[in-house]
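Fold and contact review
Chain by chain, the residues run as shown.
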Amino acid sequence: RAVAIHSGLGTPATAAEPPAVVPGPVEVPPVQPAASATGPDPTRSPGTGPEQPGANPGMRLGAPFGIPIYLAPSSLILALLLAYVFGPVAAREMPELGGVAYLVGGAFAILLYASVLLHELAHSVVARSFGIPVRRIVLQLLGGVSELDREPETAGRELLVAIAGPALSLVLAG
């Protein structure tokens, strides 16, 4: 059996240069499964990356229900942007606020991240009720991530963990 091999990085074989042929069997490394949103990346070496216990994902805010909560530095970008955008809106609607209107925009950002935190806590608390260890929750620029050590054992439990966050968000919305 013969296998054609690419002639090099970025230089495919041309008609003038036939591909190299290797006789005999060729060992192909096993395909790594895709990383899941709830588990460590199987292609990453242990001890490297944000999902590893020793990595610093940002500023620690606390540990409700024993789950460490972190605020990633990127989240401050959104908080400042929201204060900048909503400050003038608050000043226009309530002119008596003056420069304090930007604090209203900042309060809006804090309340937004609080709702994201509650959403992620709902996922995490339901996961822990099924005996799934939760590594931490990280609040990031565009949302949050609950890092679970493994996926739920059944599709039904996975569904419950998945819908817990949106269900709480709907309750908060009123």
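The structure under discussion appears in the preceding block.
First things first, this report covers the structure right here in the doc. (Residues numbered from 1 in each chain as written. Predicted model: local features only at pLDDT ≥ 70, side-chain atom pairs only at ≥ 80, totals over all residues. Heavy atoms only, no water.)

Examining the nonpolar core
For clarity, the cut-off: Take the buried Ala, Val, Leu, Ile, Met, Phe, Trp, Tyr and Cys residues and link them wherever side-chain atoms come within 4.5 Å; each set so joined is a nonpolar core. Burial classes: relative accessible area under 20% of the type maximum marks a residue as buried, over 50% as exposed, and values in between as partly exposed (1.4 Å probe, protein chains only). Throughout, a residue-residue contact means that at least one pair of heavy atoms, one from each residue, lies within 4.5 Å.
Membership of the largest hydrophobic core comes to 17 residues, with the highest contact counts inside it found for Ile137 and Leu139. Aside from chain neighbours lying at most four places away, what touches Leu139 is Leu61, Tyr70, Leu71, Ala72, Ser75, Tyr113, Val116, Leu117 and Gly144.

Brief notes about the side chain of Ser146
Note the cut-off: The helix count covers DSSP runs of H or I at least four residues long, the strand count covers runs of E at least two residues long, and both are numbered beginning at the N terminus. For the purposes of these results, a polar contact is taken to be a pair of N or O atoms within 3.5 Å, where, inside protein, one atom must be able to donate a hydrogen and its partner to accept one; residues adjacent in sequence count only when each atom of the pair is a side-chain atom.
Mapped onto the secondary structure, Ser146 falls in strand β6 (residues 143-148). In this structure the side chain of Ser146 is engaged in a polar contact, spanning 2.6 Å, whose partner is the side chain of Glu120. There is a polar contact of 3.2 Å between the side chain of Ser146 and the side chain of Ser124.

Considerations on helix α3 (residues 155-173)
Under the convention used in this document: Take the number of residues in a helix, subtract one, and multiply by 1.5 Å to get its expected span. Working definition for bend: take the seven residues up to and ending at a residue and the seven starting at it, fit an axis to each, and measure the angle between the axes.
A rise of 1.5 Å per residue sets the reference length of α3, with its 19 residues, at 27 Å; its end C-alpha atoms lie 27 Å apart and thus fit the reference within 8%. At Ala164, α3 is deflected by roughly 35 degrees, the largest bend along its length, and proline Pro166 occurs up to four residues later in sequence. For α3, the complete set of buried residues consists of Val161, Ala164 and Gly165. On its buried face, α3 is in contact with α2 (101-129) and β6. Just downstream of α3, Gly174 is the residue with a positive phi angle, here 90 degrees.

Some details on helix α1 (residues 75-93)
Between its terminal C-alpha atoms α1 stretches 27 Å, which fits the 27 Å expected from 19 residues at 1.5 Å a residue. At Phe86, α1 shows its largest bend, some 30 degrees, and a proline, Pro88, comes one to four positions later. The elements touched by buried residues of α1 are β4 (69-71), α2 and β5 (134-140).

Observations concerning unusual backbone geometry
Only a minority of non-glycine residues have a phi that is not negative, and only a minority of peptide bonds are not trans. Backbone geometry at Phe65 places phi at a positive 60 degrees, although glycine is not the residue there. Residue position: Phe65 is located in the loop between β3 (59-62) and β4.

A closer look at the packing of α2 against α3
Between two packed helices, both the angle of their axes relative to each other and the distance between the axes serve to describe the pair. The following threshold applies: All axes here are fitted lines through C-alpha atoms, helices being fitted over the stretch that makes contact, and every angle between N-to-C directions spans 0 to 180 degrees. Whether a crossing is left-handed or right-handed is set by the direction in which the near helix is turned from the far one by less than a right angle, anticlockwise for left-handed and clockwise for right-handed. Think of it as three bins: nonpolar holds Ala, Val, Leu, Ile, Met, Phe, Trp, Tyr, Cys and Pro, charged holds Asp, Glu, Lys and Arg, and polar takes everything else, Gly as well.
Contact geometry for α2 and α3: axes closest at 8 Å, N-to-C directions at 145 degrees. Helix-helix and strand crossings are classified by hand; for α2 and α3 the assignment is right-handed. Residue-level inspection shows Ser115, Leu118, His119, Ala122, His123, Val126 and Ala127 of α2 in contact with α3, the latter providing Leu160, Val161, Ala162, Ala164, Gly165, Pro166, Leu168, Ser169 and Leu172. Tallied by class, residues from the contact of α2 with α3 come to 11 nonpolar, 5 polar and no charged.

As for the environment of Gly165
Inspection of the secondary structure puts Gly165 in helix α3. Residue class for Gly165 comes out buried when judged on its relative accessible area of 0%. Between the C-alpha atom of Gly165 and that of Val116, which follows or precedes it by 49 residues, the distance is 8.8 Å.

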